[in-house]
Amino acid sequence: MFRVRYASRCFKRLLHGSTVNKDQILERLQACSVEDEVFDVVGNNKAKLTVNHVNHAVSLLWNLQKERPELLRTIGQTRIHPQFLTLRVLAENKISQMDDLMLVDILYAFLRLKVEPHDSLVQHLVSEAWLRIDRLPMPCLSKFSVCLSDQLLQHSPLMGHITSILDQRLSSIEDARVLTALMIRVSSLVSPRLRDALIDRADLLLNTIDPLNYSIPRRMVQFLRNVKYVHRPLLEKCNEIFLRNMARMDGESISMVLGLYQSLQFNNCDFKLAAKEKLTELIDSFNDPFSFSKLFVALAPIAGSEVRERLENTALLLVDEFSPHQALIVAEAMDEYQSRNLSLMNKIAAVIQKNLHVYKSVEVARITQALSLLQYQNPEFCTTIRSILVKFLLQSFYPYEVTMLTRVLTTLPCPRLDDSVVTRVNEVVAQCNLSELNTISLAVAKWVRNDSSYHHNTHSKYVRLLQTLSRCGRERLQTSDQMDVVLEELKHVSGEWFEEMLLEEVTLTLQRMIAQVNWTNVPDLAFYLTRINNLCPPLMDKIATVAIENIDKIHHSATYATLLPFSILNYDTVQADELYDVCIRRFTPHIRSFDPHLLVLLGYTLAVAELFPEELIKEIFSIDFLGKLDCQLETLPDALNMRTRQRLMELNRAICLECPEFQVPWFHERYCQQLQRKGDSFPSPMQQQIHKMLGEVLGGLNFVQVAVITPYYYTLDFECKLDKHSQPLPYTEPSTLRISDGEKVLWSPASLESIRNELPPGAQR
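What you are looking at is a predicted structure, and each value in this text was computed from that prediction instead of being measured.

Attention now goes to the overall build of the chain. Looking only at helices and strands, the chain features 39 helices and six strands. Here the chain holds 765 residues, and 50% of them are scored as buried. A separation of at least 24 residues holds for 70% of the contacts in the chain among residues at least 6 apart in sequence. A total of about 39,200 Å² of accessible surface is found on the chain, and carbon and sulfur atoms cover 52% of it. Computed over 81 positive and 90 negative side-chain charges, the separation of the two mean positions in the chain equals 8 Å.

Put into structure tokens, the structure is as follows:
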């Protein structure tokens with residue numbers, strides 16, 4: 001009996017003890033559904049709060065905010081609440097009690113709740129995390145790197161330490177989310193070797209993720225954008241995931257991917273067309289300035305005229321509510337598709353002008369560029385923005401910034417240039433790369449044209465600056481030892497100064513580095529030689545050798561750039577013939593994965609070399625392909641659109657003449673007629689002079705014709721007819737040839753036989 005009573009008393013004590021030991025504060029926090037409930041619990045239990053309670057309360061406050069749309073968040077009200085200050089004080093006092101995971105989590109939550117980086121709490125948390133950094137598990141390290149990035153510490157020694165740890169532990173990371181967060185944060189510090197290792201690891205882990213998770217591949221593309229590296233295999237794998245998830249992706253995510261692709265100059269027809277369709281469906285749901293400005297930037301440049309008009313009408317209604325940044329990005333989008341909506345342009349410019357004082361130098365440069373290309377004319381605005389640009393330029397010592405500001409200054413109506421601007425440019429020239437030197441040279445050339453004093457002073461400040469540019473350019477080339485760096489700097493270089501002063505030196509430099517030509521830089525080197533129209537046999541032979549040996553490593557789409565100089569520069573060797581063969585074998589299995597416009601350009605390049613692979617030609621001139629090409633052309637920039645149409649016509653013409661067995665019809669008659677009507681049909685002064693000279697030689701102007709249009713619309717500069725004794729024959733029969741208003745001879749396929757039959761026996765045209 002006594003034993004039963006004793007056992008009963010023990011059981012009651014245990015039951016009472018377990019009830020007492022329950023963490024009632026934690027339970028109350030877990031039951032909270034709004035911020036005020038969290039603050040009530042904190043305020044009523046200040047003295048009892050443990051480090052776990054503080055961590056849970058802060059994390060809960062952030063999670064409640066995170067679940068709301070950005071426009072509905074109330075972070076500002078949360079930060080000024082008295083109990084939020086209580087949590088901050090308690091957290092700072094209990095840092096030593098936090099474990100590694102809690103330490104990073106609470107830092108992350110406080111930063112998301114907009115606690116300033118210079119706040120003592122944040123600084124103490126960061127310092128403690130730095131002390132523990134070598135023992136942090138990779139998920140914690142990844143989250144800590146995000147916290148540092150939020151504080152603009154991407155280039156700090158601490159981020160460098162994280163980069164080193166990532167390099168050492170890369171093979172141990174199995175979570176793609178952890179990896180991609182780290183990749184983005186350390187992107188400004190990675191070496192080419194680590195960059196390639198990160199891409200390989202990302203490519204491997206991409207196969208392990210949930211196929212419905214499109215945020216991880218988006219971060220991978222963001223990393224490639226940050227390091228300015230187009231890795232097509234990874235991009236294509238990410239793109240497949242985006243396409244599979246298009247129905248689930250929100251407008252902001254689609255807009256972000258389009259922006260990343262544009263920065264990388266990665267065109268994917270399927271994604272762009274799908275994005276265009278989805279964003280068009282979502283237009284009505286973007287009804288606030290924040291979301292609508294993002295939609296406008298993504299959709300307007302690729303949309304048709306009706307959708308653009310609809311977007312511009314909505315923009316007119318919202319423009320007065322645009323923030324300075326929103327006005328800027330909308331202006332840039334209007335520039336991209338060359339908008340001529342003066343009402344919208346004027347309203348955007350008014351918002352920008354009102355906020356000029358808040359923009360940074362890069363943003364002012366972007367504004368100037370966009371409004372200049374849109375041909376916005378407002379003398380007062382130009383004067384104001386010019387003075388701001390000059391002020392920024394005189395304050396800057398960064399070469400890229402001085403170069404950028406110098407370039408956009410030349411787009412404004414130019415009064416006499418202040419000597420201080422030339423002096424500042426001269427001070428940074430020695431630190432500039434080749435691209436920046438070239439940009440400054442173009443600006444100087446424009447200043448020379450606008451400054452009448454130059455013509456009376458050959459030893460002017462401009463001459464001295466040009467001499468300095470040339471000297472610095474030669475010195476940079478002579479001291480360069482990495483071909484990839486040189487090719488990157490030469491990517492956008494052009495103009496008279498470069499051709500006259502540096503072209504020969506660049507060729508010598510590239511030949512000196514010829515041993516560095518490899519399968520990764522072959523397309524870039526080939527494209528550079530094509531762009532400058534420079535035939536360099538040693539470099540061409542090296543390109544061919546490396547490409548032939550490594551053709552399986554070169555991406556199939558890169559065969560276009562690789563073949564370009566051999567075709568355009570007519571470099572015809574035995575090795576070149578072998579290169580054509582291996583490239584055709586490389587891309588043929590992947591023909592259907594090419595973007596339509598790129599396949600047309602590739603077909604044209606081969607046609608110039610008199611090569612017509614049957615499978616390629618049949619694909620290009622199939623009904624399905626041409627339909628897809630038409631859809632893509634609507635989304636391309638005007639210049640690329642026109643070039644693709646022109647190349648398709650020229651390829652169609654070449655096939656009809658050279659390969660009639662393919663039975664490809666000539667379907668560009670109307671297109672060519674439209675070009676003739678739009679073109680400048682009047683002979684140039686040089687053509688007129690030569691026409692007159694030929695007329696004197698042949699016996700009169702009626703013995704020679706200028707700019708003759710043949711069947712399939714080839715243009716012959718001059719044409720005459722000679723009889724069997726090689727004596728000129730006059731063009732006397734008006735019915736034989738049709739003369740256009742611009743004095744062009746039009747020669748239609750229908751009349752070709754009749755023209756030929758009218759030639760006397762033995763005569764030739």
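Turning to helix H15 (residues 251-264), a few remarks are in order. Compared with the 20 Å implied by 1.5 Å per residue over 14 residues, the 20 Å span of H15 between its first and last C-alpha is a close match. Buried within H15 we find Gly251, Ser253, Ile254, Ser255, Val257, Leu258, Leu260, Tyr261 and Leu264. Buried residues belonging to H15 abut helix H13 (215-227), helix H14 (232-244), helix H16 (269-281) and helix H17 (289-299). Of the residues flanking the end of H15, it is Gln265, one or two places downstream, whose phi is positive at about 55 degrees.

We now examine the pairing of strand S2 (residues 715-719). Across four bridges, the pairing between strand S1 (residues 705-709) and S2 is antiparallel. Of the residues in S2, the one forming a bridge with Val706 is Phe718. Counting the residues between successive antiparallel strands, the hairpin from S1 to S2 contains five residues, one of them, Tyr712, with a positive phi of roughly 65 degrees.

Attention shifts here to the side chain of Asn521. Mapped onto the elements, Asn521 comes out in the loop between helix H28 (496-512) and helix H29 (522-531). Owing to a relative accessible area of 2%, Asn521 belongs among the buried residues under this scheme. From its side chain, Asn521 meets the backbone nitrogen of Asn518 in a polar contact 2.9 Å long. With sequence-adjacent residues up to four places away left out, Asn521 is seen in contact with Met483, Asp484, Leu487 and Gln516.

Once that is clear, we can look at the domain arrangement of the chain. Domain boundaries assigned for the chain yield domain 1 (449-675) and domain 2 (677-756). Of the roughly 930 Å² buried at the junction of domain 1 and domain 2 (both faces included), carbon and sulfur atoms supply 56%. The largest contributions to the domain 1 side of the interface with domain 2 come from Arg653, Gln673 and Gln674, which together make up 45% of the buried area. On the surface where domain 1 and domain 2 come into contact, there are zero salt bridges. For the pair domain 1 and domain 2, the interface holds four residue pairs in polar contact (both at pLDDT 80 or more). When residues of the side of domain 1 that touches domain 2 are traced back to their parent elements, those giving at least two are helix H36 (638-658) and helix H37 (669-678).

Definitions and cut-offs
Residues numbered from 1 in each chain as written. Predicted model: local features only at pLDDT ≥ 70, side-chain atom pairs only at ≥ 80, totals over all residues. Heavy atoms only, no water. Helix = DSSP H or I, 4+ residues; strand = E, 2+ residues; numbered from the N terminus. Buried < 20%, exposed > 50% of the residue type's maximum accessible area, 1.4 Å probe, protein only. Contact = heavy atoms within 4.5 Å. Areas by Shrake-Rupley, 256 points an atom, 1.4 Å probe, with all protein chains shown as cover. Lys, Arg positive; Asp, Glu negative; His and termini not counted. Charge placed at Lys NZ, Arg CZ, Asp CG, Glu CD. Expected span 1.5 Å × (residues − 1). Pairing = 2+ DSSP bridges. Polar contact = N/O pair within 3.5 Å; in protein donor to acceptor, adjacent residues only side chain to side chain. Domains from an automatic or database assignment. Buried area = accessible area lost by both parts, 1.4 Å probe. Salt bridge = Lys/Arg side-chain N within 4 Å of Asp/Glu carboxyl O.

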